[in-house]
Amino acid sequence: MTSLAPGGASAATAPDPDQPAGNGGHQPSQPAARTPLGQVAFWLMLAVLTIIFVAPLLWMLSTSFKTHEASTRLPLSWLPSPWDVGAYKTLFGSGSANPVLRWFVNSLFAAAANSVLIVAVDAAAAYALARMDFPGKKFIFASVITTIFLPAFVFLVPNFLIVSKLGWLDSLWAIIVPSAGGAFGVFFLRQFFSTLPKELEEAAIIDGANQWRIFTRVILPLSKPALSTLAVLSFLTNWNDFLWPVYVLFSPNNLTLPSGLAKLQNAATVDYPIIMAGAVVASVPVILIFIIAQRQVIESVSRSGLKG
């Protein structure tokens, strides 16, 4: 309804109090719903992507239960015929020349210790670069970021010499410690810490907290998604690393799973069931970690550090 103002001009009545303010009295627009054809295309695309990613895993699992003859028989078959667990008996048998279980434990310990060390070191460095002021901070941060663009093999010889001087060759310390100061982790956490409100630190300072208490009692609890993401990525990187363990580990009992599984391939013939059985064993922790930590990984990307 409108009313005539003095002078003949029409004036709009007062806005309805039930209408939300700040948007001209209009409800915010809702995203358009997908058409039935669009929904079919969306789910069809997801199904195709699922098949692309899952099919190799199913083939790996199926081949691990085949005999050597069945794994090379043409035409190839998805289902083992007959079903055979000989590959797993070879891997885990008491008389096996390849201590796969020992390699599994070595990889599990090294990857877990490495991820904990990376999170501790990188979090401290990232906090200093994100929340503290000191001379040369920008130069130090730029120097750290520069190392991300260098190929990994550039560090093989320097790291090997350092590990050799420390007496860590042919020990798990050689694959746990050298990567503890990774530039990616410093950059990732520094960017996350920078999004946290400075008012939190100011309130903690008023309450008498020092830098250490602010770091451990304020910043770290709010950064659990980012810390979890970095821990998962560090674990997977160390778990899947092949080149560096080959350089620094020599004894069969000290090998990690990726470097040890390479010994399962004969120079003349390839025993596909044994190789695939080893790959199944190596993939189990990775799949479990993804299932457990996927929520934290997604949350670290979708939020800034404070719950709304």
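Along each chain, residues carry numbers from 1 onward, in the same order as the chain's sequence is written. Given that this is a predicted model, residues contribute local features only at a pLDDT of at least 70 and side-chain atom pairs are listed and counted only at 80 or more, while totals for whole chains, interfaces and linings are drawn from all residues. With hydrogens and water excluded, all non-hydrogen atoms of the structure serve as input to the side-chain values.

Trainee: Help me get a handle on the overall build of the protein chain, residues and values and all.
Mentor: Scanning the protein chain for helices and strands turns up 14 helices and 2 strands. Within the protein chain, the fraction of its 308 residues that count as buried is 30%. Only heavy atoms matter for contacts: two residues are in contact if any of them lie within 4.5 Å across the pair. Relative to all contacts within the protein chain whose residues are 6 or more apart in sequence, the contacts with residues 24 or more apart total 72%. To measure how exposed things are, a 1.4 Å probe is used in the Shrake-Rupley method; for residues, cover is taken only from the protein chains shown. Accessible surface, the protein chain: about 19,500 Å² in total, of which carbon and sulfur atoms supply 69%. Strands are runs of DSSP state E lasting at least 2 residues, helices are runs of H or I lasting at least 4, and numbering of each runs from the N terminus. In this scheme, a residue with accessible area under 20% of its type's maximum is buried, one over 50% is exposed, and one in between is partly exposed, where area comes from a 1.4 Å probe on protein chains only.

Trainee: A description of the nonpolar core should follow, citing residues and the corresponding values.
Mentor: The nonpolar side chains of a soluble globular protein tend to be buried, and buried together. Within the largest apolar cluster, 31 residues are counted, with the highest numbers of intra-cluster contacts made by Leu-91, Ile-175, Trp-239, Trp-244, Val-248 and Leu-257. Those residues in contact with Trp-239 that lie beyond four places of it in its chain are Phe-104, Ser-107, Leu-108, Ala-111, Leu-257, Pro-258, Ala-282, Pro-285 and Val-286. The set of buried Ala, Val, Leu, Ile, Met, Phe, Trp, Tyr and Cys residues whose side-chain atoms join them within 4.5 Å is what this entry labels a nonpolar core. Of all hydrophobic cores here, the second largest spans 18 residues; its members include Ala-126, Ala-204, Phe-215 and Ala-226.

Trainee: Please provide a residue-by-residue account of the packing of aromatic side chains, values included.
Mentor: Any two rings among Phe, Tyr and Trp, with Trp reduced to its six-membered ring, count as a pair given centres within 6.5 Å; such a pair is stacked if its planes are under 30 degrees apart, edge-to-face if over 60, and tilted if neither. A complete count under the given rule lists 10 aromatic pairs for this structure. Judged by centre distance (5.5 Å) and plane angle (75 degrees), the rings of Phe-42 and Trp-43 are edge-to-face. Residue Trp-43 is classed as exposed on the basis of its relative accessible area, which comes to 56%. A centroid spacing of 5.9 Å and a plane angle of 15 degrees characterise the contact between Phe-235 and Trp-239, whose relative ring orientation is stacked. With Phe-235 and Trp-239 both in helix H11 (residues 224–240) and 4 residues apart, this pair spans about one turn of that helix. We classify Phe-235 as buried; its relative accessible area is 8%. Cluster of aromatic residues (ring-pair linked, three or more members): Phe-65, Trp-83 and Tyr-88. In this structure, Lys-66 is placed above the aromatic ring of Trp-59, and the distance from its NZ or CZ to the ring centre is 4.3 Å. Both a distance and an angle decide whether a charge sits over a ring: NZ of Lys or CZ of Arg must be within 6 Å of the ring centre and within 35 degrees of the ring normal.

Trainee: Could you give an account of the environment of Pro-258, naming the residues involved and the relevant values?
Mentor: Tracing the backbone through its elements, the reader meets Pro-258 in helix H13 (residues 257–261). Not counting the four nearest positions on each side in its chain, Pro-258 is found in contact with Ser-107, Trp-239, Asn-240, Asp-241 and Phe-242.

Interpretation in functional terms is not warranted from these geometric data alone.
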